[in-house]
There are 2 protein chains.
Amino acid sequence: MAKKGAKSEDRKKNDGREKSKPTALTELLRVPAGHPVDLSSYDATATPGGPADKSAGLKDTARMGEDLADLQERLWAASTAGDGRRLLLVLQGMDTSGKGGTVKHVIGLFNPSGCRISAFKAPTPEERKHDFLWRIRRALPHPGEIGIFDRSHYEDVLIGRVRELAPHREINDRYGQIDRFEKSLTDEGVTVVKCFLHISYDQQRRRLLERLDNPDKHWKFNPGDIEERALWPAYQQAYEIALARCSTPQAPWYLVPADRKWYRNWAISRLLLEHLTALDPRYPKADFDVEASRERLLASD
Amino acid sequence: MAKKGAKSEDRKKNDGREKSKPTALTELLRVPAGHPVDLSSYDATATPGGPADKSAGLKDTARMGEDLADLQERLWAASTAGDGRRLLLVLQGMDTSGKGGTVKHVIGLFNPSGCRISAFKAPTPEERKHDFLWRIRRALPHPGEIGIFDRSHYEDVLIGRVRELAPHREINDRYGQIDRFEKSLTDEGVTVVKCFLHISYDQQRRRLLERLDNPDKHWKFNPGDIEERALWPAYQQAYEIALARCSTPQAPWYLVPADRKWYRNWAISRLLLEHLTALDPRYPKADFDVEASRERLLASD
């Protein structure tokens, strides 16, 4: 955990075991299951477990890109031989927290043909006719794929809660539904990687102002963003509840400090790398006679 | 056109007008409408209009990546203000011609969130219940998106013709249906970029052997590939007919020599760049009061 003030203590601990394996980022950023979450205790500018600076971060992220693409190819190859495993990256965060930038810069490291990306906006009339997980189920990654959700079923306990889009009791029931849904996913071989991109209130203002200052970014701005921003405390609280209630052992939440874009990209790349490495997908063995095929090919001219 | 033996003539012509604009690749590779096509007259190792060598080609392709991503963002931004335009890249070619490699290396240059990629395999039972364009229509890019077809409706006049999967007359009717379908797409604002990846018979053998020689690539190999290869002349003929009959002014075919992977990636990047540049998508103007929003934001602290 990267709580404010914990930095020097961490360093001390590491100094005592210099040659030990570095702590996995999945451990460092994981929101512990079953504990209340206080977002104000997390520094959005922190870089827990990260490289020393931006330059090193960009370099390391690019370097990870090769490993990520290689692991993705293995995952895909394994699926052609019946391996049902896949990964789902869930991105949540306030406006301007960098969900889109993560897709561009992190998912951009993968082979696009194996990525299934869905951006969830306000539900359509058709989607409203069904339960809130209906549209989510239709967008899940297939075996061998990397699925990416830019917003997700969590919106139904975030904006849903803040804007009171459903009765309080129904909202409260959704946390359990989400846990059971995600448990069913992991049972089916879906590795669920949920990242909350944590930005500060000030950083959001800077980013919104940047959009206003640059005419090429006006299209990204919506005056409604300011209304949402006015509800910042309510959203933070809704996130705290969602993180606390839905960070389960099978599908934990990762709290990614996101004021620094280079760290955000590095950290999410690293989380994906650790998960894919743990999956250890293997190229399948040939289910045909390689030598016979070679001879037939050589005879073909 | 990059016909064999035409190189020195081209050079002579260019020498006479050294300072003229280089010929657009869309012109150089375009299959002329309404003429028979003889694939054996096209050298699959040629590099028409391309950089001097592989090293320059890789460099130029990477450089184009920035322009492509920028144009893609503009196209997407324009769509948020009602611009319905989009682009559809259709990739066709024999096994190992590099359709998948093109998606990885060329489409990999774009922001994945704006790409809609579909790989068409043998139709499913559900797809068979509908006409051959049904599944194609469902996979079209939405406004602002780059659509990519790895194989396409052309399979229904390629393997469909070679394997006689439908009555001859029905196959023959499909060329006209395809032309009308593609015309309707261009009417709706879809720029259709159709690339035939032209490899030689020898090059296919080399690439299939490479897959056999590397256990990590066995999953890409199917003994059925050798049966398809035995039908090479029939497939070449089916391609010649499809290219000749469906290279229309609104949706021309581009014949991309593809024995050299670096040239293939460079050429397709370049074709996309020329088309996107011609579309000239613009960031939309703000439809809100920028100054008022700025003031509200500054007051929000």
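As the structure is a prediction and not an experimental result, all values here were calculated from the model.

A. Highlighting the side chain of Ser118 of chain B. As for its position among the elements, Ser118 of chain B is in strand S2 (residues 115–119). In contact with Ser118 of chain B, not counting residues within four places along its chain, are Ala139, Ile148, Phe149 and Asp150 of chain B.

B. Spatial organisation of the relation of the copies chain A and chain B. At an RMSD of 0.0 Å, chain A and chain B line up after a rotation of 180° and a shift of 0.0 Å along the axis. The relationship between the two copies is best expressed as a two-fold rotation axis.

C. Inspection of the sheet that holds strand S5 (residues 253–257) of chain A at higher detail. Residue and element names in this part refer to chain A. Taken in spatial order, the 5 strands make up an open sheet running S2-S3-S1-S4-S5, and their pairing is parallel. Edge strands, defined here as strands with exactly one partner in the open sheet, are strand S2 (115–119) and S5. Between one strand axis and the next, the sheet turns by 20° as a mean value, whatever way the strands run. As judged from the 5 bridges shared by strand S1 (residues 86–93) and strand S3 (residues 146–150), these two strands associate in the parallel manner. The partner of Leu91 across the bridge, within S3, is Asp150. This element, helix H8 (residues 168–187), spans S1 and strand S4 (190–198) of the sheet and lies at about 135° to S4.

D. Here's a closer look at empty space enclosed by the protein. This structure, assessed with the given rule, holds 2 cavities of 30 Å³ or more. One number sums up the size of the second largest cavity: a volume of about 30 Å³. Residues that form the lining of the second largest cavity fall into these classes: 7 nonpolar, 3 polar and no charged.

E. Molecular detail of helix H9 (residues 201–213) of chain A. A rise of 1.5 Å per residue sets the reference length of H9 of chain A, with its 13 residues, at 18 Å; its end C-alpha atoms lie 19 Å apart and thus fit the reference within 8%. Those residues of H9 of chain A that fall on the buried side of the exposure criterion are Gln203, Gln204, Arg205, Arg207, Leu208, Leu209, Arg211 and Leu212 of chain A. Lining the buried residues of H9 of chain A we find helix H10 (224–230), helix H11 (232–246) and helix H12 (261–279) of chain A together with helix H13 (290–298) of chain B.

F. Main features of the pattern of salt bridges. All names here are of chain B. For the structure on display, the rule yields 37 salt bridges over all chains. Two residues, Arg63 and Asp67, come together in a salt bridge whose shortest N-O distance is 3.8 Å. With a gap of 4 residues between them, Arg63 and Asp67 both fall in helix H3 (residues 54–79), about one helical turn apart. For Arg63, a relative accessible area of 43% gives the class partly exposed. Under the relative-accessibility criterion, Asp67 is labelled partly exposed at 34%.

G. Looking closely at the interface of chain A and chain B. Every contact between the two is made by 41 residues of chain A and, on the other side, 40 residues of chain B. Counting each side, the surface lost to burial between chain A and chain B is near 3900 Å², with a carbon and sulfur contribution of 66%. Put simply, chain A and chain B have 4 salt bridges between them. Between Arg296 of chain A and Glu227 of chain B there is a salt bridge, with the nearest N and O atoms lying 2.5 Å from each other. At the boundary of chain A with chain B, the tally comes to 8 residue pairs in polar contact (both at pLDDT 80 or more). Taken together, the residues of the side of chain A that touches chain B sort by class into 22 nonpolar, 7 polar and 12 charged.

H. Main features of the confidence of the model for chain A. All names here are of chain A. Of the residues in chain A, 93% have a pLDDT of 70 or more, and the chain-wide mean is 93. The low-confidence segment residues 5–18 (pLDDT under 50) makes 2 contacts with residues lying over four places distant or belonging to another chain. Model confidence for the complex: the whole-complex pTM is 0.92, and ipTM, which rates the interface, is 0.91.

Definitions and cut-offs
- Residues numbered from 1 in each chain as written.
- Chains lettered and ligands numbered in written order.
- Predicted model: local features only at pLDDT ≥ 70, side-chain atom pairs only at ≥ 80, totals over all residues.
- Heavy atoms only, no water.
- Helix = DSSP H or I, 4+ residues; strand = E, 2+ residues; numbered from the N terminus.
- Contact = heavy atoms within 4.5 Å.
- Least-squares fit on C-alpha atoms with pLDDT ≥ 70 in both.
- Pairing = 2+ DSSP bridges.
- Axes fitted to C-alpha atoms, helices over the stretch in contact; angles between N-to-C directions.
- 1 Å grid on protein atoms, 1.4 Å probe; cavity = no way out; pocket = protein on both sides within 12 Å on 5 of 7 lines; lining within 4 Å.
- Points joined across faces, edges and corners; volume = space filled by probe spheres on them.
- Nonpolar A, V, L, I, M, F, W, Y, C, P; charged D, E, K, R; others polar.
- Expected span 1.5 Å × (residues − 1).
- Buried < 20%, exposed > 50% of the residue type's maximum accessible area, 1.4 Å probe, protein only.
- Salt bridge = Lys/Arg side-chain N within 4 Å of Asp/Glu carboxyl O.
- Buried area = accessible area lost by both parts, 1.4 Å probe.
- Polar contact = N/O pair within 3.5 Å; in protein donor to acceptor, adjacent residues only side chain to side chain.
- pLDDT = per-residue confidence, 0-100.

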